[in-house]
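# Structure assessment
Each chain, letter by letter, is given below.
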Amino acid sequence: MPTIDTHAHVFHRGLQLAPGRRYAPDYDAPLALYLEQLDRNGMSNGVLVQPSFLGSDNSYLVACLKQAGGRLRGIAVVDPAATTDELRALDRAGVVGIRLNLVGQPLPDLAASEWKALLANLKAMGWQVEIQRNAADLAALAPQLLDPGVAVVLDHYALPDPKLGVADPGFQSMLKLGATRNIWVKISAPYRNGAAGEEFAKAAYPLLREAYGLDRLLWGSDWPHTQFEATQTYAKNREFLDALIANKSERAQVLASPLQLFRF
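Structural notes, computed from the coordinates. Predicted model, so just to flag it, every value in this text is computed and none were measured. (Residues numbered from 1 in each chain as written. Predicted model: local features only at pLDDT ≥ 70, side-chain atom pairs only at ≥ 80, totals over all residues. Heavy atoms only, no water.)

### Re the side chain of Ser257
Along the chain, Ser257 turns up in the loop between helix 9 (248-256) and helix 10 (258-261). Setting aside residues no more than four positions away along its own chain, Ser257 makes contact with Leu214, Asp215, Leu217 and Leu218. (Helix = DSSP H or I, 4+ residues; strand = E, 2+ residues; numbered from the N terminus. Contact = heavy atoms within 4.5 Å.)

Right, dumping it as structure tokens:
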């Protein structure tokens, strides 16, 4: 059975950084090192997510996908005005969706014509839209993406308010959206949900399992754990999954569930 890591980043310091970025790493996380992590932790496949600090220049991502020879898939960052030809070129390289990292950003007007055109293109290609944003805003944003019929993936347990955890009304709203069957949730990076992130994850997992089903939950390592490098490793995050989902067959199902969504 495949074991798929749906969330990792690769980069090196020689790459052109995006203007207006919130953060830039002072180290390299090259493809070879990521593949080594997969091998060492018994993972068959991985998904490379374009880091926000590289903006919409997906050239390194594409080069890595080609080099990996089908073992990896990609999630790109694109300009809303991206042409069909540009998207098709990414598709051929192994990109299967776009990421909207909206942390600290204004919410996009998805009713605007360029967004409508982009979402129509994504639907035609069978791509997904992955969103990183706090749960309170996702409750309003996710339904707007479901209307045009694209698959929606929510990062890092949907990022509720760390002070409220599973009691966050935004998180509760996200649970209700499980019934749509067109949203997936990444049970990744518990440490991005506050100091008590692992405790939160243990409370959130059974709720997410019930609301979404095992086939709509995705595990991601979040390697190389940007801004949390001092406390996190790949092995630690993979081991936490074993603690989170003690049932072996259930865990195997979660690790294999990305197969179709990411077109492996």
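There is more to say, and it comes next.
### Looking at the nonpolar core
Ranked by size, the top nonpolar core spans 75 residues in total, and within it Ile131, Leu154 and Leu208 carry the most contacts. Among all residues touching Ile131, those that are not within four sequence positions of it are Leu100, Leu102, Leu138, Leu141, Leu145, Val152, Val153, Leu154 and Asp155. Counting eleven residues, the second-largest nonpolar core is a separate cluster that includes Ile4, Val47, Val153 and Trp184. (Core = buried A, V, L, I, M, F, W, Y, C linked by side-chain atoms within 4.5 Å. Buried < 20%, exposed > 50% of the residue type's maximum accessible area, 1.4 Å probe, protein only.)

### With respect to the pairing of strand 1 (residues 4-8)
Of all the five residues making up strand 1, five are buried; the element is thus mostly covered by neighbouring parts of the structure. Sheet analysis places strand 1 next to strand 2 (residues 45-49), joined by three bridges and oriented parallel. Bridge assignment links Ile4 to a residue of strand 2, and that residue is Asn45. Viewed along the sheet, the connection from strand 1 through helix 1 (residues 31-40) into strand 2 turns out right-handed. (Pairing = 2+ DSSP bridges. Right-handed = clockwise from strand over helix to strand, strands pointing away.)

### Comments concerning the pairing of strand 7 (residues 183-188)
Along strand 7, six of the six residues are buried, which leaves the element largely enclosed by surrounding structure. Alternating positions in strand 7 separate into two faces, Ile183, Val185 and Ile187 on one and Trp184, Lys186 and Ser188 on the other, with burial throughout. Across three bridges, strand 6 (residues 151-154) lies against strand 7 in parallel orientation. In the sheet register, Val153 faces strand 7, and the bridge partner there is Trp184. As for the winding sense of the linkage, the β-α-β connection from strand 6 through helix 6 (residues 169-176) to strand 7 is right-handed. Across four bridges, the pairing between strand 7 and strand 8 (residues 217-220) is parallel. By the bridge assignment for strand 8, Val185 is matched with Leu217. Once you follow strand 7 into helix 7 (residues 197-212) and on to strand 8, the crossover reads as right-handed.

### Overview of helix 7
At Ala204, helix 7 is bent by approximately 30°, the largest bend along its length, and proline Pro206 sits one to four residues beyond. Residues of helix 7 that are buried: Gly197, Phe200, Ala201, Ala204, Tyr205, Leu208 and Tyr212. With its phi angle positive at about 90°, Gly213 sits one or two positions after the end of helix 7. (Bend = angle between axes of the 7 residues up to and from the residue.)

### Thoughts on the packing of aromatic side chains
Two aromatic rings, taken as a pair, are described by how far apart their centres are and by the angle between their planes. According to the stated counting rule, one finds eight aromatic pairs in the structure shown. Ring geometry for Tyr191 versus Phe228: centroids 5.0 Å apart, planes at 45°, classification tilted. Taken together, the positions of Tyr191 in the loop between strand 7 and helix 7 and Phe228 in the loop between strand 8 and helix 8 (234-244) put the pair 37 residues apart, joining distant regions of the chain. For Phe228, a relative accessible area of 28% corresponds to the partly exposed category. Pairwise contacts between aromatic rings join Phe11, Tyr23, Tyr27 and Phe53 into one cluster. (Phe/Tyr/Trp six-rings, centres within 6.5 Å; stacked < 30°, edge-to-face > 60°.)

### A few points about the sheet that holds strand 5 (residues 128-132)
Within the open sheet, the eight strands sit side by side as 1-2-3-4-5-6-7-8. Their pairing is parallel. The two strands at the open ends of the sheet, each matched to only one other strand, are strand 1 and strand 8. Along the sheet, successive strands turn relative to each other by an average axial angle of 25°, direction set aside. The sheet strands contacting helix 7 are strand 6, strand 7 and strand 8, and the helix crosses strand 7 at an angle near 160°. Relative to strand 8, helix 9 is tilted by about 80°, and along the sheet it contacts strand 1, strand 7 and strand 8. (Axes fitted to C-alpha atoms, helices over the stretch in contact; angles between N-to-C directions.)

### Overview of the environment of Trp184
Tracing the backbone shows Trp184 in strand 7. Residue Trp184 is classed as buried on the basis of its relative accessible area, which comes to 9%. Distance from Trp184 to Val152, taken between C-alpha atoms, is 6.2 Å for residues 32 residues apart in sequence.

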